[in-house]
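Below, each chain spelled out in residue letters.
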Amino acid sequence: MNKNVFHNNFLAMNTRMDVILWGDVQEKMESVFCSITACAEQLEKTLSRFNPDAETYLLNQALHKGGAFKPSAVLTEVIAKCEQYFQMTKAYFDVCYQNRTASSIWPIQFTADGTCKSIQAGIQIDFGAIGKGIVLQEVDTILRENCIENALISFGESSILTRGKHPHGEYWPFAFQNNMGIDSVLELNNDCLSISGLHNDVAHIVNPINQQLITEPLGVCVQTDNAMDAEVLSTTLIAAPKNQHEEILAAFNIKKLLYSDS
């Protein structure tokens, strides 16, 4: 078996993506890396709420003023998927939570011609909690289309995509740790992993129902076969009260779920 290993990284969405590919010719793996880079850059131009040239930034400008906006097919699909997750998580995953007054109702509506508007003025969309999952899902498509059998993609070290196995083992090992040491070692093959919790003891996840920052020192690690599902759940299970977790999880297919004190 060809154990030629390719490794490179680049910056996207204010973090780093590390790409490890192996088992194929070097030129092909370099080409796949370029495709991954281009994909991430294009999606960031679509999803960023900070870049004045980004489509989401322009959408937010329109929504803030109570106006209408006609998003691209890509952004339309993302918004529709986020509405689906909003329903699946009982409104605890909400990319439109900012400036909300009726958080149990999805605020974005589409007309027959593909134009969207908000039922509440002042809404702002933030894809930060799902953006890396969207990119990783597209990266997975690139890997499949190019018949890359073995890969590890680490996006900011908290969002992981694996395919195949490690060049020196039967799986990609991943250690989930807390402040007491290693809690569990996961054996990843064709998996997606997302980890959420407090970053350096700084609260950053908001309960969209009551608009309160979550300060409980809880870490969540979700293993599934879909990168977007993993990202959504790792955030939702921090934001939602624990008595809601069982019902939320029933809407998803997960492989493993770990909780830990941060």
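It should be emphasised that the depicted structure is a prediction, and the values quoted were computed from it without experimental measurement. (Residues numbered from 1 in each chain as written. Predicted model: local features only at pLDDT ≥ 70, side-chain atom pairs only at ≥ 80, totals over all residues. Heavy atoms only, no water.)

A. Focus on the overall build of the protein chain. The secondary structure content of the protein chain amounts to six helices and 13 strands. At 19 Å, the protein chain has a C-alpha radius of gyration in line with the 18 Å of a compact globule built from 262 residues. For the protein chain, the C-alpha atoms occupy an extent of roughly 60 × 40 × 30 Å along the three principal directions. Within the span of the protein chain, comprising 262 residues, buried residues form 50% of the whole. Put simply, 58% of the contacts in the protein chain that link residues at least 6 apart link residues at least 24 apart. As displayed, the protein chain offers around 12,700 Å² of accessible surface, 49% of which is attributable to carbon and sulfur atoms. (Helix = DSSP H or I, 4+ residues; strand = E, 2+ residues; numbered from the N terminus. Rg over C-alpha atoms; globule rule 2.2 N^0.38 Å. Buried < 20%, exposed > 50% of the residue type's maximum accessible area, 1.4 Å probe, protein only. Contact = heavy atoms within 4.5 Å. Areas by Shrake-Rupley, 256 points an atom, 1.4 Å probe, with all protein chains shown as cover.)

B. Focus on the side chain of Asn-226. With respect to the helices and strands, Asn-226 occurs in the loop between strand 12 (218–224) and helix 5 (227–239). At 3.0 Å, the side chain of Asn-226 and the backbone nitrogen of Met-228 are in polar contact. Once residues lying within four places of it in the same chain are set aside, the contact partners of Asn-226 are Tyr-85, Gln-137 and Cys-192. (Polar contact = N/O pair within 3.5 Å; in protein donor to acceptor, adjacent residues only side chain to side chain.)

C. Region of interest: the pairing of strand 5 (residues 150–155). Summarising burial for strand 5: five of the six residues are buried, a large majority. Relative to strand 5, strand 2 (residues 15–22) is paired through six bridges, and the arrangement is antiparallel. For Ile-20, the partnering residue across the bridge sits in strand 5 and is Leu-152. Sheet topology places strand 5 next to strand 6 (residues 159–163); five bridges connect them, and they run antiparallel. By the bridge assignment for strand 6, Phe-155 is matched with Ser-159. (Pairing = 2+ DSSP bridges.)

D. Quick peek at the pairing of strand 9 (residues 191–196). Counting buried positions along strand 9 yields five of six residues, so the element is predominantly enclosed. The pairing of strand 6 with strand 9 spans four bridges and is antiparallel. Each bridged residue has a counterpart across the sheet, and for Leu-161 the counterpart in strand 9 is Cys-192. Two strands pair when backbone bridges link them, and strand 9 and strand 12 are joined in this way by five bridges, in the antiparallel orientation. Note on strand 12: the bridge partner recorded for Cys-192 is Thr-224.

E. A look at the environment of Phe-86. As for its position among the elements, Phe-86 is in helix 3 (residues 73–88). What makes Phe-86 buried here is its relative accessible area of 2%. Placed 146 residues apart in sequence, Phe-86 and Val-232 show a C-alpha to C-alpha distance of 9.5 Å.

F. Fine view of the packing of helix 1 (residues 26–47) against helix 4 (residues 131–145). As a packed pair, helix 1 and helix 4 sit with axes 10 Å apart at the nearest point and diverge in direction by 150 degrees. The two elements helix 1 and helix 4 meet at a crossing, and its hand is right-handed. Between helix 1 and helix 4, the residues in contact are Val-32, Ser-35, Ile-36, Cys-39, Ala-40, Leu-43 and Leu-47 and Gly-131, Ile-134, Val-135, Glu-138, Val-139, Ile-142 and Leu-143, respectively. Looking at the contact of helix 1 with helix 4 residue by residue, the class counts come to 11 nonpolar, two polar and one charged. (Axes fitted to C-alpha atoms, helices over the stretch in contact; angles between N-to-C directions. Left-handed = near helix turned anticlockwise from the far one by under 90°. Nonpolar A, V, L, I, M, F, W, Y, C, P; charged D, E, K, R; others polar.)

G. Focus on the state of the cysteines. This structure, assessed with the given rule, holds zero disulfides. Cys-96 provides the cysteine sulfur closest to Cys-82, a residue in no disulfide bond, and the two sulfurs are 7.7 Å apart. With no disulfide of its own, Cys-147 lies closest to Cys-39 among cysteine sulfurs, the gap being 17 Å. (Disulfide = S-S within 2.5 Å.)

H. Expanded view of unusual backbone geometry. Of note, the phi angle at Ala-91 is positive, near 75 degrees, even though the residue is not glycine. Locating Ala-91 in the fold gives a position in the loop between helix 3 and strand 3 (108–110). With a phi angle near 55 degrees, Cys-147 is a residue other than glycine that sits in the positive phi range. Secondary-structure assignment places Cys-147 in the loop between helix 4 and strand 5.

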